[in-house]
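# Architecture at a glance
Okay, here's what each chain looks like letter by letter:
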Amino acid sequence: DHDNQYLGHPTTVLLDDDQTLIAVFPTAHGKGQLRMCRSADGGLTWEQVPNLGIELHEVPTIFKVQRPDGHTRLVITTCTPGAGTFSWLYSDDDGATWTDLETIDLEIPNGPVVALATMWRVHDDAGEPTFAWRGAFHNFQYNNYIIELTFEEEADAPGGYACVWSAAERIEFETEEGLARCHHAGL
């Protein structure tokens, strides 16, 4: 919108057509309006998506997950550092429309920082993929946490499935040395 406007911390997702990319990022350094751009040609050219009217307090991250019916869902996560809140919105139509932002209180002291640094599909004991997805983040003290996304059939929810997030669980280290290395990584 403005020349020389700082836009940082983009995350991207490649859609199922293996050509379309969506990038999300804040207007400023880690906060500001949620911005979104879309590329239909593998990133050669980009167009800005109309503003969703969401004010961010931390970097947004975008992920591609699969609902129990096999349909792809795009999920954007963000948070409010210090307040312990975790927020998300999602799209079931490749980013053409998005749900309203939903928020839960994670009840985590001093965090989270960046809602989800990563998210991966959970597999069962036989190695088969489930319809659960696990994400990781840390708080301001560099304690690491995981949280899981599952789906609940809900007739009123867009796509017929609501996103259900588990309580955040702190990752415990077997040794003090492991914990110290984790804390040192953020310095």
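Data block above holds the structure.
Report on the accompanying structure. What you see is a predicted model; the values in this text were computed from it and never measured.

## Some remarks on empty space enclosed by the protein
Overall, the coordinates contain one cavity of 30 Å³ or more when judged by the stated rule. Reported here for the largest cavity is a volume of approximately 40 Å³. For the lining of the largest cavity, the leading source of residues is strand S3 (residues 32-39), giving three residues. Partitioning the lining of the largest cavity into residue classes produces five nonpolar, two polar and one charged.

## Side note on the pairing of strand S10 (residues 113-123)
Across six bridges, S10 lies against strand S11 (residues 129-138) in antiparallel orientation. When the bridges of S11 are listed, Thr118 appears paired with Ala136. Taking the residues that link successive antiparallel strands as the turn, the S10-S11 hairpin has five residues, and the phi of Gly127 there is positive, at about 85 degrees.

## Considering the environment of Asp69
Here Asp69 shows up in the loop between strand S6 (61-66) and strand S7 (72-80). Assessed through its relative accessible area of 43%, Asp69 is described here as partly exposed. C-alpha of Asp69 to C-alpha of Gly8: the two residues are 61 residues apart in sequence and 35 Å apart in space. A polar atom in the side chain of Asp69 sits 2.6 Å from the side chain of Arg67. At 3.0 Å, the side chain of Asp69 and the backbone nitrogen of His71 are in polar contact.

So, how was this worked out
- Residues numbered from 1 in each chain as written.
- Predicted model: local features only at pLDDT ≥ 70, side-chain atom pairs only at ≥ 80, totals over all residues.
- Heavy atoms only, no water.
- 1 Å grid on protein atoms, 1.4 Å probe; cavity = no way out; pocket = protein on both sides within 12 Å on 5 of 7 lines; lining within 4 Å.
- Points joined across faces, edges and corners; volume = space filled by probe spheres on them.
- Helix = DSSP H or I, 4+ residues; strand = E, 2+ residues; numbered from the N terminus.
- Nonpolar A, V, L, I, M, F, W, Y, C, P; charged D, E, K, R; others polar.
- Pairing = 2+ DSSP bridges.
- Buried < 20%, exposed > 50% of the residue type's maximum accessible area, 1.4 Å probe, protein only.
- Polar contact = N/O pair within 3.5 Å; in protein donor to acceptor, adjacent residues only side chain to side chain.

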